[in-house]
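For reference, the chains in residue letters:
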Amino acid sequence: MTLEFDTRFDPAYGQAVTVAPDVRRITARNPSPFTFHGTNSYLVGRDTLAVIDPGPDDDEHLATLLAAIGGRPVSHIFVSHTHRDHSPLAARLKERTGAIVLAEGPHRPARPLRTGEVNPLDASADVTFVPDVALADGSLTRGDGWTMRTVLMPGHTANHAAFALEGTGILFSADHVMAWATSIVAPPDGAMADYMQSLDRLIERGDRLLLPGHGGPVTAPRSFMRGLKTHRKMRERAILERIRGGDRTIKDMVAAIYRDTDPRLHGAAGLSVLAHLEDLVARGLVATDGDPAIDGMFRPA
């Protein structure tokens, strides 16, 4: 199935954009190769509001959020995961609104660090974040005229959650599914096996509209996610072909497989290849000495 990304997006910095009934999007001015035009925060409700993903600790974004809130009560702040472009502003927004903060839990890796391993993603993690309420999979949170269901979606991070607005077919997919690009799955924070299982689960849900953490909406979720799954399987096959053809290092695989990708993203691409290799080694399709590592040597099993 062909995967077509949609990079058309106007961040409308400083404004609240209506994207569904009683749902408005505010995009932080933190563009980068990893965040696209910036992080999307969402306001849900009419009289008493919920905020989804308050975003980076940024004065301008906080001011824009407060202007859009317009003095209305905010009862809940939902956080999808603990990367620094999504969760840090929760503390300051809580101080200003008195809302409770809800998330799956504090930041943690998908697996323990191995002996001598350094986590290259430490700088991107909000390790100080602790929610007021830890959300379980399937839990319902009721607000003023809305109900939010937590859908745990590990893969991008171990604590990644999506939030379904009950009765609408709308799911806030954060970084798990985005219209403009694939999600980064990078060990040890993320795990490819978890990501693929979560993707299958999301396909089965049948939501009609996904509102992601970066970029515009996914308007045909099921077909798009099937395309994402096919894309990941093709990447897996490409890695296997490179290994069977003689490549032994992740650096060599990235140079061949990602030759048309922005070089600034090659580091993340290497971690994505490692995520695939961890899964392939666990399934007995690839061999390596010891645990799979970014600087390891790989060979056909």
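Residues numbered from 1 in each chain as written. Predicted model: local features only at pLDDT ≥ 70, side-chain atom pairs only at ≥ 80, totals over all residues. Heavy atoms only, no water.

A.B. asks: Would you take a moment to explain the sheet that holds strand E12 (residues 209-212) for this structure?
C.D. replies: The five strands lie next to each other as E8-E9-E10-E11-E12, forming an open sheet whose pairing is mixed. Strand pairing shows two members of the sheet lacking a second neighbour, strand E8 (140-142) and E12, which therefore form its edges. In this sheet, adjacent strand axes meet at a mean angle of 25° when their direction is disregarded. Taken together, the four bridges between strand E11 (residues 170-174) and E12 define a ladder with parallel strand orientation. Pairing of Ile170 across the sheet is with Leu209, part of E12. Helix-sheet contacts for helix H3 (residues 192-205) involve strand E9 (147-152), strand E10 (161-165) and E11, and the interaxial angle to E9 is about 145°. (Pairing = 2+ DSSP bridges. Helix = DSSP H or I, 4+ residues; strand = E, 2+ residues; numbered from the N terminus. Axes fitted to C-alpha atoms, helices over the stretch in contact; angles between N-to-C directions. Contact = heavy atoms within 4.5 Å.)

A.B. asks: It is not clear to me how the side chain of Arg111 should be interpreted in this structure. Could you clarify?
C.D. replies: The topology assignment puts Arg111 in the loop between strand E6 (100-103) and strand E7 (133-134). A polar side-chain atom of Arg111 sits 2.9 Å from a polar atom in the side chain of Glu278. Beyond its immediate stretch of four places on either side in the chain, Arg111 contacts Glu117, Pro187, Pro188 and Glu278. (Polar contact = N/O pair within 3.5 Å; in protein donor to acceptor, adjacent residues only side chain to side chain.)

A.B. asks: It is not clear to me how the pairing of E10 should be interpreted in this structure. Could you clarify?
C.D. replies: In summary, the side chains of a regular strand alternate between the two faces of the sheet. In terms of residue burial, E10 counts as a mostly covered element, since five of its five residues are buried. Residue alternation in E10 divides its side chains into two sets, Ala161, Phe163 and Leu165 and Ala162 and Ala164, and both sets are buried. Pairing of E9 with E10, which is carried by five bridges, proceeds in the antiparallel orientation. Within the sheet, the bridge partner assigned to Val151 lies in E10 and is Ala162. In this structure, E10 lies alongside E11, joined through three bridges in antiparallel fashion. Bridge pairing in E11 places Leu165 opposite Ile170. (Buried < 20%, exposed > 50% of the residue type's maximum accessible area, 1.4 Å probe, protein only.)

A.B. asks: Mind showing me how you'd approach the pattern of salt bridges here?
C.D. replies: Side-chain pairing between opposite charges can occur once the charged atoms of the two side chains come close. Applying the stated criterion across every chain yields a total of 19 salt bridges. Measuring nitrogen to oxygen at the nearest pair gives 2.9 Å for the salt bridge that ties Arg8 to Asp6. Salt-bridge contacts for Asp57 lead to Arg92; the nearest nitrogen and oxygen are separated by 2.7 Å. Of this pair, Asp57 sits in the loop between strand E4 (49-52) and helix H1 (59-69) while Arg92 sits in helix H2 (residues 90-97), placing them 35 residues apart in sequence. Several salt bridges converge on common partners, so that one network encompasses Arg111, Arg114, Glu278 and Asp291. (Salt bridge = Lys/Arg side-chain N within 4 Å of Asp/Glu carboxyl O.)

A.B. asks: How should the sheet that holds E4 be read in this particular structure?
C.D. replies: Strands sit in the order E1-E2-E3-E4-E5-E6-E7 across an open sheet of seven strands; the sheet is mixed. Edge positions in the sheet fall to strand E1 (17-20) and E7, since each has one partner strand and no second. Helix-sheet contacts for H1 involve strand E2 (23-27), strand E3 (40-44), E4 and strand E5 (74-78), and the interaxial angle to E2 is about 160°.

A.B. asks: Help me out: how do you make sense of the side chain of Asp126 in this one?
C.D. replies: Its place among the elements puts Asp126 in the loop between E6 and E7. Despite being buried, Asp126 has no salt bridge partner; Arg84 is the closest side chain of opposite charge, sitting 4.8 Å away. Excluding its chain neighbours within four sequence positions, the residues that come into contact with Asp126 are Thr82, Arg84, Ser87, Pro88 and His107. (Lys, Arg positive; Asp, Glu negative; His and termini not counted.)

A.B. asks: How should the packing of aromatic side chains be read in this particular structure?
C.D. replies: Aromatic ring pairs are defined here through the distance separating the ring centres and the angle between the ring planes. This model, assessed by the stated rule, comprises six aromatic pairs. Between the aromatic rings of Phe78 and Phe163, the centroid separation amounts to 5.1 Å while the plane-to-plane angle is 55°, which identifies the pairing as tilted. Of the two residues, Phe78 sits in strand E5 while Phe163 sits in strand E10, which places them 85 residues apart along the sequence. Accessibility classification places Phe78 together with Phe163 in one group, the buried group. Aromatic rings pair up to connect Phe9, Phe36 and Trp180 into one cluster. Lying across the ring of Tyr195, Arg232 places its NZ or CZ 4.8 Å from the centre. The positively charged end of Arg235 is found above the aromatic ring belonging to Tyr258, 4.4 Å away from the centroid. (Phe/Tyr/Trp six-rings, centres within 6.5 Å; stacked < 30°, edge-to-face > 60°. Lys NZ or Arg CZ within 6 Å of the ring centre and 35° of its normal.)

A.B. asks: How should I be thinking about the nonpolar core in this particular structure?
C.D. replies: Side chains that are nonpolar tend, in soluble globular proteins, to be buried together. Of all hydrophobic cores here, the largest spans 21 residues; its most connected members are Leu171, Val177, Tyr195, Leu199, Met225 and Leu228. If you list the elements that add at least two residues to this core, you get E10, H3 and helix H4 (221-244). With six residues, the top contributor of residues to this core is H3. In contact with Leu199, other than residues within four places in its own chain, are His176, Val177, Met225, Leu228 and Lys229. (Core = buried A, V, L, I, M, F, W, Y, C linked by side-chain atoms within 4.5 Å.)

A.B. asks: Is there a simple way to explain the environment of Leu43 in this structure?
C.D. replies: Secondary-structure assignment places Leu43 in strand E3. Judged by relative accessible area, which is 2%, Leu43 ranks as buried. Along the chain, Leu43 and Tyr258 lie 215 residues apart, while their C-alpha atoms are 37 Å from each other. Ignoring any residue separated from it by four or fewer positions in sequence, one finds Leu43 in contact with Asp22, Val23, Arg24, Ile26, Ala50, Val51, Leu65, Ala68 and Ile69.

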